[in-house]
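Overview (structure and organization)
Spelled out from the first residue to the last, the chains are:
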Amino acid sequence: MTQPLWQQPPARPNIRDMKVTVDAVLCEANAVCARLAPEVFSIHSDEDGEDVLAIAADGEVPAASQAAVRDAVSRCPKMALQLQE
Ligand code: SF4
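Let us look at the structure shown here. All of these numbers come straight from a predicted model, not from anything done at the bench.

To continue, consider the environment of Ala68. Mapped onto the elements of the fold, Ala68 is located in helix 2 (residues 66-75). Residue Ala68 is classed as partly exposed on the basis of its 17 C-beta neighbours within 10 Å. Along the primary structure Ala68 and Cys33 are separated by 35 residues, whereas in three dimensions their C-alpha atoms are 8.8 Å apart.

Membership of the largest hydrophobic core comes to 15 residues, with the highest contact counts inside it found for Val40, Phe41, Ala72 and Leu81. Those residues in contact with Val40, other than ones at most four positions away along the chain, are Val20, Ile55, Ala56, Val61, Ser65 and Val69.

Turning our attention to the site of the ligand. Near the ligand you find 14 residues, and of these Cys27, Val32, Cys33, Cys76 and Lys78 are the closest. Residues of the shell around the ligand, tallied by class, amount to 11 nonpolar, 1 polar and 2 charged.

Right, let's get into unusual backbone geometry. For residues that are not glycine, phi is negative in most cases, and the peptide bond is trans in most cases. The backbone of Ala29 shows a phi angle near 55°, a positive value even though the residue is not glycine. Relative to the helices and strands, Ala29 resides in the loop between strand 1 (19-22) and helix 1 (32-36). Even without a glycine there, the phi angle at Ala31 is positive, about 70°.

Attention now moves to the environment of Glu39. Summarising the element assignment, Glu39 is placed in the loop between helix 1 and strand 2 (41-45). Exposure remark for Glu39: the 14 C-beta atoms within 10 Å place this residue in the partly exposed category. For the pair Glu39 and Ser65, spaced 26 residues apart in the sequence, the C-alpha separation amounts to 7.7 Å. When sequence neighbours within four positions are dropped, the list of residues in contact with Glu39 reads Ala56 and Ser65.

Turning our attention to helix 2. Within helix 2, the full set of buried residues consists of Gln66, Val69 and Ala72. All buried residues of helix 2 project into a common sector of 120° when viewed along the axis, lining one side. Those residues of helix 2 that are buried lie in contact with strand 1, helix 1, strand 2 and strand 4 (81-84).

Cut-off values and rules
Residues numbered from 1 in each chain as written. Predicted model: local features only at pLDDT ≥ 70, side-chain atom pairs only at ≥ 80, totals over all residues. Helix = DSSP H or I, 4+ residues; strand = E, 2+ residues; numbered from the N terminus. Buried ≥ 20, exposed ≤ 12 C-beta atoms within 10 Å, placed from the backbone. Core = buried A, V, L, I, M, F, W, Y, C linked by C-beta atoms within 7 Å. Contact = placed C-beta atoms within 7 Å. Near = placed C-beta within 6 Å. Nonpolar A, V, L, I, M, F, W, Y, C, P; charged D, E, K, R; others polar. Arc of directions from axis to C-beta.

So, in structure tokens, the structure goes:
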């Protein structure tokens with residue numbers, strides 16, 4: 001006999017590998033993502049003095065940052081971020 005759902009232990013969170021990339025043409029370096037997930041996204045100046053987005057760890061997102069990165073992807077006003085899972 002199976003237990004009712006409310007008596008079963010909670011399901012383990014389904015943490016999968018996640019990678020995030022940016023379309024540098026669309027990105028306007030407004031730092032929305034950097035404010036939401038500063039451990040992954042940051043704004044730097046390039047050799048021409050232009051602000052550009054940098055993504056830590058070549059876009060590999062640690063499990064602890066996945067929720068913040070999902071939020072950043074959904075809130076990017078230029079829709080410049082893409083997730084691969
Ligand atoms: S939120 Fe979007 S447009 Fe803004 S810096 Fe991040 S990727 Fe670029």
